[in-house]
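Analysis of the macromolecular model
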Amino acid sequence: MAPVFVYAQDTTATTVEEQLEKAFEELDGEESGLTGEQLTQFLEDLAANPVNINSAMLDDLLQVPGINLKVARAILDYRVQKPFEIKSELLDVQGIGEATYQRMASYITIGSTKARFRDLYMRPEYWLSGQKVDVFSRYQQDLKTKSGYVIPDSLGGYLGNLGKYYHRFRVTTNHVSLNLTQEKDPGETINGISGFDYSSAHLALTDNGKLNELVVGDYSLSFGQGLVLWTGGSFGKGREVTGAVSKNERGIKPYSSAQETNFFRGVAASYGEKIEVTGFYSSRPRTASVISGDSTRFPTSSGLHRTENELFRKNNIEQTVMGGRLRVDTGIGLFGISGYQNEFSSYIAKGTSLSNKYDFEGKTNSVFGMDYRGLIGNAFLFGELARSKNGGLGGVAGMETPILNNTDLTLSYRNYGRNFQSFLASGFGERSSAPQNEEGFYVGVRHQLFREITLSGYFDQYRFASPRFGATQGTGGFDMLGLIEFMLSSKVNFYVLLRNEVQEEEYVLKNELGQEVLRIAEEKRNSLRFNFEFRVSPSVRLRTRTEFVRNKEAGKGWEDGYLIYQDIRVEPVKGLRVDGRISLFDTDSFDTRVYQFESDLLYVLSNTVLYDRGQRAYVALKYDAANFLDIWLKYGITVFEDRQAVGSGLEEVQGNIRNSIGVQARLQF
């Protein structure tokens, strides 16, 4: 009999994937796609370059998931007495429990306490130390031909081929980052190596004495609690009920994502330690629908240029942004002031529906805000207050604190005025769009009942003062989640998740006279999930999930849906990981759709939406072919039982099958 070898799983990759799943599995594909790619890349890069907890500065520690200001201060105080020798020693630090430790463990490392040299800037070895070269190449394609590829170009069909191409070349050292990213979406044209529809590049100097960051090219900005500037993706409502409400700012980050709209292009720099000063300037083209003359709608976020009309509008206006930030590190907390001035080259006309009444209109806008993160006893406090040029106000305040034994509590209140116009922001809330027209109160609790059992949940009550999309009046609602986790052993864990959402919606009712009357009623959505995971051996993991969904639209009856899947992860030989899944789904309509987070190529966020009746299966492979070469491959197929066409318009596919393939290679030197 041939010998059998088993190998430990790639725990770092698994942890990153699990955190992304917790963050995005409850969001629909569009919402998760807008911010998920940047957060995915941030976590993957952080895991690949973990923070040395023996030498990291305060801001470095605050980049790590699970570490807020309170925990970061405790780590700094602890290492004054002695350096950390093993990562698990963090469990001895006040405020770090098992759950917090597991959340941060993949993003930290133990290194020396050697101070950073600041007098070697003229030496080549200073700039070349820690050098890494990454070369990515990715190809993805739907295997069924959509209508847009059949219709002639002159009639609005797609100009390019079915493939989605992605290339990235990146060189990093301990103090320098150089990057070029290129992408072509399906249906877009490509002309040689320089003819990609989207290109992004940067040169950045990082961690050079008091010069914390200097970026020339593309970059993201994430400050405060996200009410003025936040373009780097973030966690929101989900299974992490107590650790995802407050934001730890990332400041300036070199941009290398393929998300085409959520970044700045120009120059940005931050300088200082206890007092940090940041300045930035950005000027970049945007794409918008033309109304007449030099009037356009607000720039789109799709980044798609597949047809003649889409290509004609590409980069037809210019957006210029300049601003800065001052942040002070005091004994009682971090205090910041941020602001910017924005100008479009064309006049931006708002939409004509009631939901657009308070949207931005004009050429110029400015936003100014103040934020804080501080400690009072065991409580961590955070908040931000901001004002836009038109006088609109937005604010958020909250607290994270332990209560009793083994219990953590998070409270947060937000109030984003209906006329608050901060379109470069991303605040915590019910909606994933810019913070506007929303008031809400959030309570999250996590309790360690026993070592093996954890209870957690949140309740979020919210109100939209003015009409949102599809409504003619203000509406409100609430969202609640309950979670019971059983860690039965190191090999077996199980959780039950219950979620209930109630939101006011309008509907039309005919009265006794046959007249149509507008009414308002509650739309309800309930879901119940059972998730079982079993590690058969160090190289085999099984996961079984069952989820039931009920939905009731305003003025209609209840509809049902369910999802069942069996998942397996196998590492048969060293360097090879295989993920496979078979799913069965049956929903009465799109309103009872179900979501499943899937393993995918590196930096690809896959949150698949399933509705109607059918089956889905996929297999994803990662193979470390050599110490300098990694290869990923994914094939997925969805079969619908009651449809003869899938999709609509240019995206329609004849038949009941949707399948796709993706392959990616990474060279590392």
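So, here is what we can say about the structure in this document. (Residues numbered from 1 in each chain as written. Predicted model: local features only at pLDDT ≥ 70, side-chain atom pairs only at ≥ 80, totals over all residues. Heavy atoms only, no water.)

1. Re the overall build of the chain
Put simply, the rule reads: Secondary structure follows DSSP: runs of H or I at least 4 residues long count as helices, runs of E at least 2 residues long count as strands, and numbering of each begins at the N terminus. What the globule rule says is 2.2 Å times the number of residues to the power 0.38, and the radius of gyration is computed from C-alpha atoms. Burial classification: accessible surface area is computed with a 1.4 Å probe over protein chains only, and a residue below 20% of its type maximum counts as buried, one above 50% as exposed, and the rest as partly exposed. Two residues qualify as a contact provided that any one of their heavy atoms is within 4.5 Å of a heavy atom in the partner residue.
Per the secondary structure count, the chain includes seven helices and 33 strands. Over its C-alpha atoms the chain spans a radius of gyration of 25 Å, differing by no more than 12% from the 26 Å that the globule rule assigns to 669 residues. In terms of principal-axis extent, the alpha carbons of the chain reach across some 80 × 70 × 60 Å. Across the 669 residues of the chain, 49% fall into the buried class. Contacts spanning at least 24 positions in sequence make up 60% of the contacts within the chain whose residues lie at least 6 apart.

2. Describing the pairing of strand 26 (residues 576-587)
Using the following cut-off: What makes two strands pair is DSSP finding at least two bridges between them.
Among the 12 residues that make up strand 26, nine are buried, leaving the element largely enclosed by the rest of the structure. In this structure, strand 25 (residues 558-570) lies alongside strand 26, joined through 10 bridges in antiparallel fashion. Bridging from a neighbouring strand, isoleucine 564 pairs with leucine 584 of strand 26. Here strand 25 folds back onto strand 26, and the loop between the two strands holds five residues, one of which, glycine 575, carries a positive phi near 95 degrees. In the sheet, strand 26 pairs with strand 29 (residues 613-626) via 11 bridges, with the strands oriented antiparallel. What sits directly across from aspartate 586, in strand 29, is arginine 613.

3. Section: the environment of glycine 266
Positionally, glycine 266 belongs in strand 9 (residues 264-272). Classification of glycine 266 by relative accessible area gives partly exposed; the value is 24%. Residues glycine 266 and glutamine 503 lie 237 residues apart in sequence; the distance between their C-alpha atoms is 42 Å. Residues within four places of glycine 266 in sequence aside, it is in contact with Val215, Val216, Gly217, Tyr219, Tyr281 and Ser282.

4. Digging into the pattern of salt bridges
Test applied: In what follows, salt bridge is the name for a side-chain nitrogen of Lys or Arg lying within 4 Å of a carboxyl oxygen of Asp or Glu.
For the structure shown, the criterion picks out 43 salt bridges. The partner of aspartate 479 in a salt bridge is lysine 237, and the shortest N-O contact between them spans 3.2 Å. Of this pair, aspartate 479 sits in strand 21 (residues 475-487) while lysine 237 sits in the loop between strand 7 (211-222) and strand 8 (251-254), and the two are 242 residues apart along the sequence. We classify aspartate 479 as buried; its relative accessible area is 0%. Residue glutamate 249 is joined to arginine 373 by a salt bridge in which the shortest nitrogen-to-oxygen separation is 3.6 Å. Remark: arginine 373 occurs in strand 15 (residues 362-376) and glutamate 249 occurs in the loop between strand 7 and strand 8; sequence separation between them is 124 residues. Note on accessibility: glutamate 249 and arginine 373 belong to one class, buried. Each of Lys237, Arg414, Glu430, Glu438, Asp460, Asp479 and Arg499 takes part in one network of salt bridges that share partners.

5. Re the environment of methionine 399
Structurally, methionine 399 can be placed in strand 17 (residues 393-402). Along the backbone, methionine 399 and threonine 410 are 11 residues apart, and their C-alpha atoms lie at a distance of 5.6 Å. Not counting chain neighbours up to four residues away, the residues in contact with methionine 399 comprise Ala379, Phe380, Leu381, Phe382, Leu409, Thr410 and Leu411.

6. Comments concerning the packing of aromatic side chains
We count it as follows: Centre distance within 6.5 Å is the pairing criterion for rings of Phe, Tyr and Trp, where only the six-membered ring of Trp is used; planes under 30 degrees apart are then read as stacked, over 60 as edge-to-face, and the remainder as tilted. Throughout this description, the term charge over a ring refers to an Arg CZ or Lys NZ atom that lies within 6 Å of the ring centre and within 35 degrees of the ring normal.
Applying the stated criterion across every chain, the model contains 24 aromatic pairs. When the centroid spacing of 4.9 Å and the interplanar angle of 20 degrees are considered together, the rings of tyrosine 78 and phenylalanine 84 count as stacked. Their ring planes at 55 degrees and their centres at 6.5 Å tell us that phenylalanine 494 and phenylalanine 532 sit as a pair that is tilted. Of the two residues, phenylalanine 494 is situated in strand 22 (residues 492-510) and phenylalanine 532 in strand 23 (residues 516-537); the sequence distance between them amounts to 38 residues. According to the relative accessible area criterion, phenylalanine 494 is partly exposed, its value standing at 24%. Within the aromatic cluster, the residues linked to one another by ring pairs are Phe298, Phe344, Phe360 and Phe423. Stacked on the ring of tryptophan 230, the Lys or Arg lysine 247 has its end atom at 4.8 Å from the ring centre.

7. Digging into the pairing of strand 6 (residues 198-208)
The pairing of strand 5 (residues 176-184) with strand 6 spans eight bridges and is antiparallel. Counterpart to leucine 180 in the pairing with strand 6 is alanine 201. Bridge analysis of strand 6 against strand 7 gives six bridges, and the strand direction is antiparallel. Counterpart to asparagine 208 in the pairing with strand 7 is leucine 211. Between strand 6 and strand 7, which follow one another and run antiparallel, lie two residues, and glycine 209 among them has a positive phi close to 65 degrees.

8. Let's talk about unusual backbone geometry
Of note in this structure, asparagine 437 is not a glycine but carries a positive phi near 55 degrees. The topology assignment puts asparagine 437 in the loop between strand 18 (407-416) and strand 19 (438-448). A relative accessible area of 5% places asparagine 437 in the buried class. Backbone geometry places aspartate 612, a non-glycine residue, at a positive phi of 70 degrees. Tracing the backbone shows aspartate 612 in the loop between strand 28 (606-610) and strand 29.

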